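Structural overview
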Amino acid sequence: MYLIAHLSDPHIGPIPQPKLRELVGKRMTGYVNWRRGRKVAHDMTVLERLIEDMRAHKPDHIAFTGDIANIGLASEFPIARAFLERLGSPDFVSFVPGNHDAYVRGSLKPLTNALWPWMASDGASSSAFPYLRRRDGIAFIGLSSAVPTMPFVASGTLGKPQLAAFEAMMEELDREGLCRVVMLHHPPLRSGAAVGRSLTDAAAFEKVIARVGAEVVLHGHNHRTSLTHIKGKHGPVPVVGVPSCSAVKGTWTHRAGYHLISIEPDGPRSRITGLTRGLTPDGNIAEVGKLDFSTS
């Protein structure tokens, strides 16, 4: 049995004091939104308690599906790197970026410079997407849907080159008989998020999965637990969304939480089960729901 901890969207704060020139355009609206609400909606003490709880369950690997930052300031990424270092080594943690990490074009270089070891293929000396990590009969495939967008837009895009490389990679991994765990930030469904927040090429992603399959797809972005299925080569493919791991408001599907996903790897016959642990109404960290991977 292989145990994966899936977490996402911590939006680590507080935001370092930005320079005035850094708040031109989209960052200004993001900074105002953070000061008005996000800084209290995301609690770093709760985040640390969740990480403690997760460590107690001794996962074999951590899948981290993005939005470690808030407005993509260069000064946010050393803090993000320090958090990842505390979470685990690059061999133990697989990270894919979210829209808040690639908030503006100027975010991309400091993001990559600081965090590339956690988003690179085994043995690589730099980051490239898709990336691939093989672990005990399981393949972790990291995709980036993180692209800079206009103000008030939080959509993502994979793009034709990445999708083509992803399809070829998935075909080879299928021939190898590995259990393929796909990670990206945005929900890769045509119905996955509202216009302006969705994956713009979700339909193309679904077509790729219909041709080559996958055993499970993990994402963040919506800040809530969700589980649906899309058509795959070997049968329905579960697509799993996770809450923000620092959010303190909402129902159990939205409050701070993470998933524990157990896999008995056997290629397309892999057995997958899971549960959500998170913040309860009385402030404890406990199991708050099961993930039903069945399609019946």
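Residues numbered from 1 in each chain as written. Predicted model: local features only at pLDDT ≥ 70, side-chain atom pairs only at ≥ 80, totals over all residues. Heavy atoms only, no water.

**Some thoughts on the packing of helix α5 (residues 160–176) against helix α6 (residues 202–212)**
Which entries qualify depends on this criterion: Axis angles are defined between N-to-C directions and span 0 to 180 degrees, where every axis is a line fitted to C-alpha atoms and, for a helix, only to the segment in contact. A run of DSSP states H or I qualifies as a helix once it reaches four residues; a run of E qualifies as a strand once it reaches two. Both are numbered from the N-terminal end. Reported orientations rely on four angle classes, namely roughly parallel under 35 degrees, roughly antiparallel over 145, roughly perpendicular from 65 to 115, and oblique for the rest. Each crossing gets its hand from how the near helix is turned against the far one by less than a right angle, where anticlockwise is left-handed and clockwise is right-handed. Contacts were defined at the residue level, with two residues in contact if any of their heavy atoms lie within 4.5 Å. Polarity classes work like this: nonpolar for Ala, Val, Leu, Ile, Met, Phe, Trp, Tyr, Cys and Pro, charged for Asp, Glu, Lys and Arg, and polar for all others, with Gly in that last group.
Packing of α5 against α6 leaves a shortest axis separation of 10 Å and a crossing angle of 20°. With respect to α6, the element α5 is oriented roughly parallel. Judged by the sense of rotation from one axis to the other, the crossing of α5 with α6 is right-handed. Between α5 and α6, the residues in contact are Leu163, Phe166, Glu167, Met170, Glu171 and Asp174 and Ala204, Phe205, Val208, Ile209, Arg211 and Val212, respectively. Residues that form the contact of α5 with α6 fall into these classes: eight nonpolar, no polar and four charged.

**Regarding the sheet that holds strand β7 (residues 216–219)**
Using the following cut-off: At least two bridges found by DSSP between two strands are what make those strands a pair.
Here we have six strands laid out as an open sheet, ordered β4-β5-β6-β7-β9-β8, and mixed in their pairing. Either end of the sheet is taken by a strand with one partner, and the two such strands are β4 (131–135) and β8 (226–230). Along the sheet, successive strands turn relative to each other by an average axial angle of 20°, direction set aside. The pairing of strand β5 (residues 138–142) with strand β6 (residues 179–183) spans five bridges and is classified as parallel. Bridge pairing links isoleucine 141 to valine 182 in β6. Against the sheet, α6 contacts β6, β7, β8 and β9 (237–241), and its axis sits at roughly 65° relative to β8.

**Some details on the sheet that holds strand β11 (residues 271–279)**
Taking strand neighbours across the sheet as the criterion, the six strands line up as β3-β2-β1-β10-β11-β12 in an open arrangement whose pairing is mixed. Of all strands in the sheet, those bounded by a partner on one side alone are β3 (93–95) and β12 (285–291). Neighbour-to-neighbour, the strand axes of the sheet open up by a mean angle of 25°, direction not taken into account. Pairing of β11 with β12 involves six bridges; the strand directions are antiparallel. Opposite glycine 274, over in β12, you have leucine 291 as the bridge partner. The strands that helix α2 (residues 44–56) touches are β1 (2–7), β2 (61–64), β10 (257–264), β11 and β12; relative to β10, the one it contacts most, it runs at about 20°.

**A short note on α5**
Selection rule: The length a helix should cover is 1.5 Å for every residue beyond the first. Summary of the burial criterion: residues with accessible area below 20% of their type's maximum are buried, those above 50% are exposed, and those between are partly exposed, where the area comes from a 1.4 Å probe applied to protein chains only.
With 17 residues, α5 should reach 24 Å at 1.5 Å per residue; the first-to-last C-alpha distance of 25 Å fits that figure. Among all positions of α5, only Gln162, Leu163, Phe166, Glu167, Met169, Met170, Leu173 and Asp174 are buried. For α5, the elements touching its buried residues are β4, β5, β6 and α6.

**Quick notes on the packing of α2 against helix α3 (residues 76–87)**
Contact geometry of α2 with α3 gives a least axis separation of 12 Å together with a crossing angle of 25°. For the element pair α2 / α3, the angle class is roughly parallel. On α3, the residues touching Leu47, Glu48, Ile51, Met54 and Arg55 of α2 are Phe83, Arg86 and Leu87.

**Re the side chain of histidine 223**
Test applied: For this analysis, a polar contact is any N or O atom pair within 3.5 Å, provided that within protein one partner can donate a hydrogen and the other can accept it, and provided that sequence-adjacent residues contribute only side-chain to side-chain pairs.
Topologically, histidine 223 is positioned in the loop between β7 and β8. Here histidine 223 falls in the buried class, since its relative accessible area comes to 17%. Side-chain polar atoms of histidine 223 contact the side chain of aspartate 9, separated by 3.2 Å.

**Notes on α3**
Let me state the cut-off plainly: By definition, the arc is the one covered by directions from the helix axis to the C-beta atoms.
With twelve residues, α3 should cover 16 Å at 1.5 Å per step; its first-to-last C-alpha distance of 17 Å lies within 8% of that length. All buried positions along α3 are accounted for by Glu76, Phe77, Ala80, Phe83, Leu84 and Leu87. Seen along its axis, α3 keeps its buried residues to an arc of 115°; they face one direction. Those residues of α3 hidden inside the fold are in contact with α2, β2, β3 and α4 (108–115).

**Some details on the side chain of arginine 27**
Basically, it comes down to this: Positive residues here are Lys and Arg, negative ones are Asp and Glu, while His and the chain termini are left out of the count. Take a side-chain nitrogen of Lys or Arg and a carboxyl oxygen of Asp or Glu: if they are within 4 Å of each other, that pair is a salt bridge.
On the secondary structure map, arginine 27 appears in helix α1 (residues 26–41). Buried charge without a partner: arginine 27 forms no salt bridge, and the closest opposite charge is glutamate 22, 5.3 Å away. A distance of 3.3 Å separates the side chain of arginine 27 from the side chain of serine 107, its partner in a polar contact. In this structure, arginine 27 is in contact with Glu22, Ile71, Gly72, Leu73, Tyr103, Val104, Gly106 and Ser107, ignoring residues within four places of it in sequence.

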